[in-house]
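Coordinate inspection notes
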Number of protein chains: 2
Amino acid sequence: MSNTETKEESQVSQTSNNQPLLVVGTVAVDSVKTPFGEREQCFGGSASYFSYCSSFFTPVQLCAVVGDDFPEEYRNVLQERDINLNGLEVNKEGKTFRWEGKYEADLNSAITLDTHLNVLLDFDPKVQVNDSLEYLFLANFDPDLQLKVIEQVDKPKLKLTALDTMNFWIESKKESLLNVLKHVDMIVLNDGETRLLTGETNLIKGAKKIREFGPGIVVIKKGEHGVLLFFEDQYFALPAFPLEDVFDPTGAGDTFAGGMMGYLTKVGEVTADTLKQAIAYGTIMASFTVEKFSLDRLRELDQKQIQERFELFRKITNF
Amino acid sequence: MSNTETKEESQVSQTSNNQPLLVVGTVAVDSVKTPFGEREQCFGGSASYFSYCSSFFTPVQLCAVVGDDFPEEYRNVLQERDINLNGLEVNKEGKTFRWEGKYEADLNSAITLDTHLNVLLDFDPKVQVNDSLEYLFLANFDPDLQLKVIEQVDKPKLKLTALDTMNFWIESKKESLLNVLKHVDMIVLNDGETRLLTGETNLIKGAKKIREFGPGIVVIKKGEHGVLLFFEDQYFALPAFPLEDVFDPTGAGDTFAGGMMGYLTKVGEVTADTLKQAIAYGTIMASFTVEKFSLDRLRELDQKQIQERFELFRKITNF
């Protein structure tokens with residue numbers, strides 16, 4: 001599904017009511033240092049990466065909060081992809097969420113240097129549910145707020161509710177997280193988070209335990225080592241897309257989820273086969289993201305490049 | 001290719017001269033401790049694992065040395081699979097090579113507790129080249145001896161010469177290793193060894209550098225994270241076969257190589273497609289090995305189990 005790129009059409013689309021995918025998460029201003037360079041004050045946030053990426057597959061709406069300092073330039077970036085921003089609240093009393101982090105030679109894990117939650121501290125997400133909403137992604141944030149979003153959405157109408165989380169919530173709000181897990185169909189988390197949440201070293205055992213908590217579909221991201229998917233009595237394993245130059249891993253997990261959810265929304269059904277394809281698309285989208293700072297590489301992307309890399313990925317992994 | 005299992009036929013086959021695959025390596029007595037148990041004095045060694053495993057695909061001959069203490073029982077294990085043992089030298093002046101090691105919670109890397117090289121110290125491999133020899137595997141040992149083997153083999157007649165190595169040789173005999181690399185078609189090594197040998201953190205860059213040293217085919221094993229293959233201008237990536245219970249990783253790398261080389265020998269040609277299949281078979285064979293101590297799981301194996309797991313592996317990785 002190709003999105004139009006002119007401003008006029010973008011405006012029209014935003015007032016229409018046909019976005020089947022909703023993401024609730026963060027929009028941020030990041031400062032990032034990697035072994036290959038650094039960037040101050042660049043566009044980031046889980047919902048920004050997710051929505052930009054999923055928009056290559058399906059119309060998408062974003063629910064998040066920013067402060068009075070949020071640059072018009074970043075809003076324009078999201079509008080390039082025709083993302084419905086009606087749910088992007090501007091809190092004039094505060095500043096946009098800021099994250100400062102770095103990566104060392106092992107690009108697999110970010111080291112947080114500084115965090116200013118700012119407007120996130122008072123965020124009380126109000127979801128504007130449109131008629132066509134079928135897929136919901138709760139990007140990484142407070143599990144109590146994730147539950148609040150679920151309560152606002154008419155659950156029986158949804159085809160899939162998925163959730164991301166992180167170490168911080170597993171450690172500080174485990175009960176809340178376990179509670180929200182009862183209400184979702186899918187969880188996306190990394191290998192370390194799986195071990196922390198379940199106490200299991202082995203990821204297959206960990207995934208089984210998580211499925212007992214609620215979500216029938218468990219997606220475990222292993223960074224440069226690929227991804228595992230568990231669904232019903234089946235599982236699926238993919239390596240990462242091999243890259244010679246990983247420049248900045250920020251947003252890789254969010255764009256993995258964006259590609260995966262975007263593809264599932266596009267095809268409109270959740271089966272073993274569509275899930276396999278979905279994590280392959282997620283892998284591809286993440287592989288583009290890490291090639292440049294911020295959303296820079298995604299902004300150069302087109303359908304042809306996505307499809308070409310998807311076919312190459314199939315060629316180098318299928319036997 | 002199914003091997004006969006009766007002793008009479010085994011004896012006949014050993015005097016025949018139709019083993020297209022030769023492995024030169026170690027035969028050992030191991031003592032292994034894992035988080036799940038320990039085993040004293042069990043059968044091990046790179047050439048033992050390799051030959052037992054590859055014999056499921058092709059007739060194979062083994063060149064190695066043991067001491068006067070080598071248990072008849074272990075010889076019988078190799079004869080179960082009809083392996084040609086004419087090249088298994090018995091040095092009556094010494095004891096068989098012994099390795100003692102352990103694995104901690106992270107099963108990815110062995111910790112060596114004790115090594116007695118014993119008869120390996122005087123090993124001077126004499127290769128008995130038969131008419132049908134086409135594939136040669138130099139398991140992990142002194143690169144000067146690996147070169148000695150290559151010099152005894154009529155190179156133009158070989159379809160593929162492959163080599164394994166380890167950190168110890170990269171650190172202590174790098175010049176010898178670089179010299180032998182000029183004479184082989186393929187190298188099999190792990191991710192840490194790749195980084196040590198090339199100074200490159202990125203494995204694609206590392207593989208490119210190794211290809212400049214000589215071998216056109218580079219196989220990088222990443223343990224539980226799968227394998228990368230580089231061949232001409234192509235590359236290929238596979239995850240490991242996901243296992244719920246890894247019991248003892250000893251021999252995983254050797255049986256990976258055994259499955260890979262055994263399959264290549266069986267199909268008789270080295271192309272991008274056969275190499276892909278070969279590393280998938282290698283992955284499968286390693287996944288069996290780690291399920292029990294020593295060669296125990298391999299000894300319970302049959303063609304049906306191999307083929308079933310291969311098909312399952314395809315199902316859970318291809319999209």
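Residues numbered from 1 in each chain as written. Chains lettered and ligands numbered in written order. Predicted model: local features only at pLDDT ≥ 70, side-chain atom pairs only at ≥ 80, totals over all residues.

1. A few points about the relation of the copies chain B and chain A
For the match of chain B to chain A, the screw axis carries a shift of 0.0 Å, the RMSD comes to 0.0 Å, and the turn is 180 degrees. Such values leave the two copies arranged in the relation of a two-fold axis. (Least-squares fit on C-alpha atoms with pLDDT ≥ 70 in both.)

2. Looking at the confidence of the model for chain A
Across chain A, pLDDT averages 93, with 95% of residues at or above 70. Both scores are given for the predicted complex: the pTM is 0.91, the ipTM 0.88. (pLDDT = per-residue confidence, 0-100.)

3. Looking at the pairing of strand 2 (residues 28-34) of chain B
Residue and element names in this part refer to chain B. In terms of burial, strand 2 is largely enclosed, as five of its seven residues are buried. Relative to strand 6 (residues 97-102), strand 2 runs parallel, the two being bridged by six bridges. Counterpart to Asp30 in the pairing with strand 6 is Trp99. (Buried ≥ 20, exposed ≤ 12 C-beta atoms within 10 Å, placed from the backbone. Helix = DSSP H or I, 4+ residues; strand = E, 2+ residues; numbered from the N terminus. Pairing = 2+ DSSP bridges.)

4. Digging into the sheet that holds strand 12 (residues 227-231) of chain B
All names here are of chain B. Read across the sheet, nine strands follow the order 5-4-1-8-9-10-11-12-13 without closing on themselves; strand pairing throughout is mixed. The strands lining the two open edges of the sheet, one partner per strand, are strand 5 (84-91) and strand 13 (234-238). Put simply, the sheet's adjacent strands are angled 15 degrees from each other on average, direction ignored. Across four bridges, the pairing between strand 1 (residues 21-24) and strand 8 (residues 135-138) is parallel. The residue bridging Val24 from the neighbouring strand is Leu138, located in strand 8. Sitting on the sheet, helix 8 (residues 203-213) touches strand 10 (186-190), strand 11 (217-221), strand 12 and strand 13, and the angle it makes with strand 11 is about 140 degrees. (Axes fitted to C-alpha atoms, helices over the stretch in contact; angles between N-to-C directions. Contact = placed C-beta atoms within 7 Å.)

5. Overview of the environment of Ser172(A)
Residues and elements named next belong to chain A. Along the chain, Ser172 falls in helix 5 (residues 167-172). Looking at Ser172, the number of C-beta atoms within 10 Å reads 11, which means it is exposed. Each C-alpha atom, one on Ser172 and one on Asp142, is 9.8 Å from the other, the two residues being 30 residues apart in sequence.

6. Some words on unusual backbone geometry
Residue and element names in this part refer to chain A. The phi dihedral of Gln41 falls on the positive side, at around 50 degrees, and the residue is not glycine. One can find Gln41 in strand 3 (residues 37-44). Its 13 C-beta neighbours within 10 Å are what place Gln41 among the partly exposed residues. One non-glycine residue, Ser294, adopts positive backbone phi at about 50 degrees. Residue position: Ser294 is located in the loop between helix 10 (272-289) and helix 11 (296-299).

7. Comments concerning the nonpolar core
By size, the foremost hydrophobic cluster in this structure holds 190 residues, and its most contacted members are Val23(A), Phe137(A), Ile279(A), Val23(B) and Ile279(B). Excluding residues within four positions of it along the chain, Ile279(A) makes contact with Val219(A), Val227(A), Leu229(A), Phe236(A), Leu238(A) and Met260(A). (Core = buried A, V, L, I, M, F, W, Y, C linked by C-beta atoms within 7 Å.)

8. Thoughts on helix 8 (residues 203-213) of chain A
Residues and elements named next belong to chain A. Taken as a whole, helix 8 has its buried residues at Leu203, Gly206, Ala207 and Ile210. Projected down its long axis, helix 8 carries its buried residues within an arc of 100 degrees, all on one side. Contacts from the buried residues of helix 8 go to strand 10 (186-190), helix 7 (191-198), strand 11 (217-221) and strand 12 (227-231). Directly after helix 8, the chain includes Gly214, whose backbone phi takes a positive value near 155 degrees. (Arc of directions from axis to C-beta.)

9. What to know about helix 2 (residues 46-54) of chain A
Most of helix 2 of chain A sits out of view: nine of its nine residues are buried. The set of residues buried in helix 2 of chain A consists of Ser46(A), Ala47(A), Ser48(A), Tyr49(A), Phe50(A), Ser51(A), Tyr52(A), Cys53(A) and Ser54(A).

10. Section: the environment of Ile83(B)
Residue and element names in this part refer to chain B. Along the polypeptide, Ile83 turns up in the loop between helix 3 (72-80) and strand 5. For the pair Ile83 and Pro59, spaced 24 residues apart in sequence, the C-alpha separation works out to 6.8 Å. Discounting chain neighbours no more than four positions away, the residues touching Ile83 are Ser51, Ser55, Val60, Leu62 and Leu78.

11. A look at the packing of helix 7 (residues 191-198) of chain B against helix 8 of chain B
Residue and element names in this part refer to chain B. The interhelical angle for the contact between helix 7 and helix 8, taken along N-to-C directions, is 60 degrees, at an axis separation of 9 Å. In terms of axis orientation, helix 7 runs oblique to helix 8. Between helix 7 and helix 8 the crossing geometry is left-handed. Within the contact between the two elements, helix 7 uses Asp191, Thr194, Arg195, Leu197 and Thr198 and helix 8 uses Leu203, Gly206, Lys209 and Ile210. (Parallel < 35°, antiparallel > 145°, perpendicular 65-115°, else oblique. Left-handed = near helix turned anticlockwise from the far one by under 90°.)

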